[in-house]
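A structural walkthrough
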Amino acid sequence: ARFPFPTPPSPDAIDAATKTLEALGAVDRTTAKITPLGEGMASFPVSPRFARMLVLANQHHCLRYVISMVASFAAESLFLPAPSSSSSTDDPNDTEGGGEVMDEKEKRKRNQAKSKHALALRRWQHPLPQSR
């Protein structure tokens, strides 16, 4: 099946992707056919490396733990970006490098981001029980 890519990938990129899938066991090296592991991996909307982790975790009955790891690896960043200024205090007159005092909306937004991070950290340390 040929997909009409707007910009087709280079032959080198296709070779590299094929070698990665072969190394992960998703594609049989001799027949170039997808393997049962590869079929399982294809059901996950994540990179092939993470998909293999999820498939194998399910087989070894540790999906609950590995899914948290994959989610943290796949996320751009679990933590808040560093403030742009050298001062990172909770001073109500805090400035963000521009010399202007932060308005209430900016302070609420910053505090909300901090509380979201704290919630994510609590969930990581104490995951919810898995329903069966």
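On a predicted model such as this, the values are computed, not experimentally measured, just so you know.

Here the focus is the packing of helix H1 (residues 11–24) against helix H3 (residues 48–59). Two numbers describe how H1 lies on H3: the axes approach to 10 Å, and their chain directions differ by 15 degrees. Judged by the angle between their axes, H1 and H3 are roughly parallel. Viewed along their axes, H1 and H3 form a crossing whose handedness is right-handed. For the pair H1 and H3, the contacting residues are Thr-20, Leu-21 and Leu-24 in the first and Pro-48, Arg-49 and Arg-52 in the second. Looking at the contact of H1 with H3 residue by residue, the class counts come to 3 nonpolar, 1 polar and 2 charged.

Further remarks concern H1. The first and last C-alpha atoms of H1 sit 20 Å apart over 14 residues, in line with the 20 Å expected at 1.5 Å per residue. Just downstream of H1, Gly-25 is the residue with a positive phi angle, here 85 degrees.

As a further point, take the nonpolar core. Leu-24, Ala-26, Leu-37, Met-41, Ala-51 and Val-55 form the largest nonpolar core, which has 6 residues in total. Every element with two or more residues in this core is listed here: helix H2 (36–42) and H3. Core analysis: the second largest hydrophobic core is formed by 5 residues, Phe-50, Leu-54, Ala-57 and Val-66 among them.

Okay, the packing of H3 against helix H4 (residues 63–74) next. Interaxial distance between H3 and H4 falls to 9 Å at its minimum, and their mutual angle equals 170 degrees. The orientation of H3 relative to H4 falls into the category roughly antiparallel. For the pair H3 and H4, the contacting residues are Phe-50, Met-53, Leu-54, Ala-57 and Asn-58 in the first and Leu-63, Val-66, Ile-67, Met-69, Val-70, Phe-73 and Ala-74 in the second. Taken together, the residues that form the contact of H3 with H4 break down as 11 nonpolar, 1 polar and no charged.

Rules and cut-offs
Residues numbered from 1 in each chain as written. Predicted model: local features only at pLDDT ≥ 70, side-chain atom pairs only at ≥ 80, totals over all residues. Heavy atoms only, no water. Axes fitted to C-alpha atoms, helices over the stretch in contact; angles between N-to-C directions. Helix = DSSP H or I, 4+ residues; strand = E, 2+ residues; numbered from the N terminus. Parallel < 35°, antiparallel > 145°, perpendicular 65-115°, else oblique. Left-handed = near helix turned anticlockwise from the far one by under 90°. Contact = heavy atoms within 4.5 Å. Nonpolar A, V, L, I, M, F, W, Y, C, P; charged D, E, K, R; others polar. Expected span 1.5 Å × (residues − 1). Core = buried A, V, L, I, M, F, W, Y, C linked by side-chain atoms within 4.5 Å. Buried < 20%, exposed > 50% of the residue type's maximum accessible area, 1.4 Å probe, protein only.

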